[in-house]
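These are the residues of each chain, in order.
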Amino acid sequence: MTSQADSPNGAGLPGSHPVSRYEFGPLSTRGLVAGWRSGQIVSVACGVLLAIGFLHGGIAPTRVILALGSLGLGIACACWPVGGQTPEQWLPVVLRWSFDAFFGRHHARSSAPTDGFILPGTRPSPSMLDTPATQRPAHARPAPATQRPARARPDRARPAAGPFAGLRVCDLADSRGAMGTSRAGAIFDPNEGATSAVLLTSGAGFPLWDPGSQDQHIGSWARVLTSLDPGVPGMRLQWVARTWPEDCEALHQDFALRSHGPSDARASYRNAISETSQATWAHEVLVVLRHAPTSRGMLPRRRKTTQPHRRHPGTTTGKRDEALPVHDGSDLLRDARLLSENLRAGGIPVHGMLSSGALARRLWLAINAKGGALEGGAPYPWPLAIEESWSHVRTDGAYHTTFWVEEWPRSPVPGDFLAPLLLEPGFQRSISLVIEPVPTREAMQLVTRERVADMADGELRARGGFLITMRTKHEARSTMRREAEIASGHTLFRYSGFVTTSAHDLEELGRARSALATVASRSQLVLRCCYGRQAEALMWTLPIARGLL
């Protein structure tokens, strides 16, 4: 991405501030040979082999037709786009979808509601589990709850279902086990060995600022990104912005208690409240910092508990009925505090690190497409049931569709080009940007390989008489620009963007998808629906820092 400055009122005019504009490079379309992907080559090769096989038995009209048909089919599968992708690109998605459908993996239920609770100090044997409690010996009966209170595992630490399996909301402790004055929550992902801490921040009215203030704010974000250490294993930064309708129930209740004026005035004020309720939308911005140690000894350590083992009926082994997991995240806490200080130094408001309870509430609200504050304690954050379809996924009572940002703006845009996508009211959405710094040596090797590939493809196209498109030239210029930036000491970043729109029924979801397409075009974004993997893609817009493609 590059930036350039121009003046909105003409160059040299007094009082005018140059507006910085940003240009994103194109999505790489490099392949193995002359821009052809391995799937395209295999598809055409299969068509050629089939054609040779048909013609091997003789030159008959039927065989010639079959040979031409197989050759044309191979070329069509490699080159003919269907829904933005060629058939050879759709093949892995369709096969995976069919495989999951055959084994019933599109439907999943959590076992949390049926896990039950075990009182501390009681370990009934498997033979006792099928015996009524009144017929058990006195020493095998659990003590009354008034004498021995139950210390069950918190709901947010229970196992989740489907693609959420293994995820835990946990507390972070330093290397000495001290939690400090306030507990910091995190999400532990054992599948990737990653732990993510979440900071609550806000945009502070960025689209309403003048161009100079916006440029300074973007510069602050750039300094925050450069402060990330590429040498930390698996470090990622995620930015999540969620929009939902504001709950104005308090205004209606207050109006009902205080409405004692003339009837015309009451009707006018009631209409004003109703219009405000429909046009008021809340926004929240989260910044997620993730560590993913690669070596076995660097994985977060979980504090042992003295809770008894839970035994399930008909089994002789069980799993520990533990309290909320506590992970040693001293390095993550240190980097999260440093990130918070850098954000504040750049004028970006930071309201602190979310606790495990606050993090569980936000996960529950996002998964269930709810808005506003959640009363009571921390809920079970993961869905109890998941039903995945080709173009959407249902979690409990909400429907979600996730899109991948395939193309960012190709023409120069101002710093607030995402304002329509972020601020347009009318539908619920979550926007996620996952960023990962690339170590300098790896970045130089990557850019060098891309330059060599561009040169080899250019020579091959020139010898074969193939056309070199402007997109190919633009990709080559973008690679040279990245090489110059890395040589100047800048850091290379990998990033992926996703947008999830949510609703409570399919009709509302259809309207939300149409509205999303409109605002995305106004932001000059090209979105592609994550067909066939909606359940997995939903997690990419949750504060877990997954989804880097």
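Residues numbered from 1 in each chain as written. Predicted model: local features only at pLDDT ≥ 70, side-chain atom pairs only at ≥ 80, totals over all residues. Heavy atoms only, no water.

Q: Explain empty space enclosed by the protein here, please?
A: Left-over empty space is what a probe sized like a water molecule reveals as it rolls over the atoms. What the rule picks out here adds up to two cavities of 30 Å³ or more. Estimates place the volume of the largest cavity at around 70 Å³. Along the walls of the largest cavity sit 13 residues, with R242, A366, R429, S430 and S502 positioned nearest its centre. Those elements giving two or more residues to the lining of the largest cavity turn out to be β7 (236–245), β17 (428–438) and β18 (492–503). Broken down by element, the residue count for the lining of the largest cavity peaks at three residues, all from β17. (1 Å grid on protein atoms, 1.4 Å probe; cavity = no way out; pocket = protein on both sides within 12 Å on 5 of 7 lines; lining within 4 Å. Points joined across faces, edges and corners; volume = space filled by probe spheres on them. Helix = DSSP H or I, 4+ residues; strand = E, 2+ residues; numbered from the N terminus.)

Q: Help me understand the side chain of T541 in this model?
A: Note on placement: T541 falls in the segment after α14 (534–539). There is a polar contact of 2.8 Å between the side chain of T541 and the side chain of T500. Apart from residues lying up to four places away in sequence, T541 is in contact with Q238, V240, T402, S430, S432, F498, V499 and T500. (Polar contact = N/O pair within 3.5 Å; in protein donor to acceptor, adjacent residues only side chain to side chain. Contact = heavy atoms within 4.5 Å.)

Q: What is the right way to read the environment of L384 from this model?
A: Examined against the element boundaries, L384 turns out to sit in the loop between α9 (356–367) and β13 (385–388). When the C-alpha positions of L384 and P113 are compared, they lie 8.1 Å apart, and in sequence the two are 271 residues distant. Aside from chain neighbours lying at most four places away, what touches L384 is A108, R109, S110, P113 and D396.

Q: Would you explain unusual backbone geometry in this entry?
A: What you tend to see is this: most non-glycine residues have negative phi, and most peptide bonds are trans. Phi is positive for Q524, which is not a glycine, with a value near 60°. Within the fold, Q524 resides in the loop between α13 (506–522) and β19 (526–529). Although it is not a glycine, A545 sits at a positive phi angle of roughly 65°. The topology assignment puts A545 in the segment after α14. Judged by its relative accessible area of 0%, A545 is buried. (Buried < 20%, exposed > 50% of the residue type's maximum accessible area, 1.4 Å probe, protein only.)

Q: Just to check I follow, could you spell out the packing of aromatic side chains for this structure?
A: Think of a pair of aromatic rings as described by two things: how far the centres are apart, and how the planes are tilted against each other in angle. One pass over the structure, following the stated rule, counts 11 aromatic pairs. Ring geometry for F102 versus F103: centroids 5.1 Å apart, planes at 85°, classification edge-to-face. Since its relative accessible area comes to 48%, F103 is described here as partly exposed. Arranged with centres 4.9 Å apart and planes meeting at 50°, the rings of F498 and W540 form a pair that is tilted. (Phe/Tyr/Trp six-rings, centres within 6.5 Å; stacked < 30°, edge-to-face > 60°.)

Q: Whenever I open this one, the pairing of strand β15 (residues 398–407) confuses me. Can you help?
A: Regular strands have side chains that alternate between both faces of the sheet. Across the 10 residues of β15, 10 count as buried, placing the element largely inside the fold. When strand β14 (residues 393–395) meets β15, the two strands line up antiparallel, connected through three bridges. Bridging from a neighbouring strand, T395 pairs with A398 of β15. A loop of two residues connects β14 with β15, the two strands running antiparallel in sequence, and D396 in this loop sits at a positive phi of about 55°. Judged from the six bridges that link them, β15 and β18 form a sheet pairing that is antiparallel. Looking at β18, one finds that Y399 is bridged to A503. Taken together, the four bridges between β15 and β19 define a ladder with antiparallel strand orientation. Residue pairing across strands places E407 opposite V526, the latter belonging to β19. (Pairing = 2+ DSSP bridges.)

Q: How do you make sense of the nonpolar core when you look at a structure like this?
A: Considering soluble globular proteins, one finds that nonpolar side chains tend to be buried as a cluster. With 28 residues, the main nonpolar core has F164, L354, L363, W382 and L542 as its most contacted residues. Elements that contribute at least two residues to this core include exactly β6 (194–201), β8 (281–291), α9 and α14. For this core, the element with the most residues is α9, which contributes five residues. Counting 24 residues, the second-largest nonpolar core is a separate cluster that includes L172, A186, L332 and V350. (Core = buried A, V, L, I, M, F, W, Y, C linked by side-chain atoms within 4.5 Å.)

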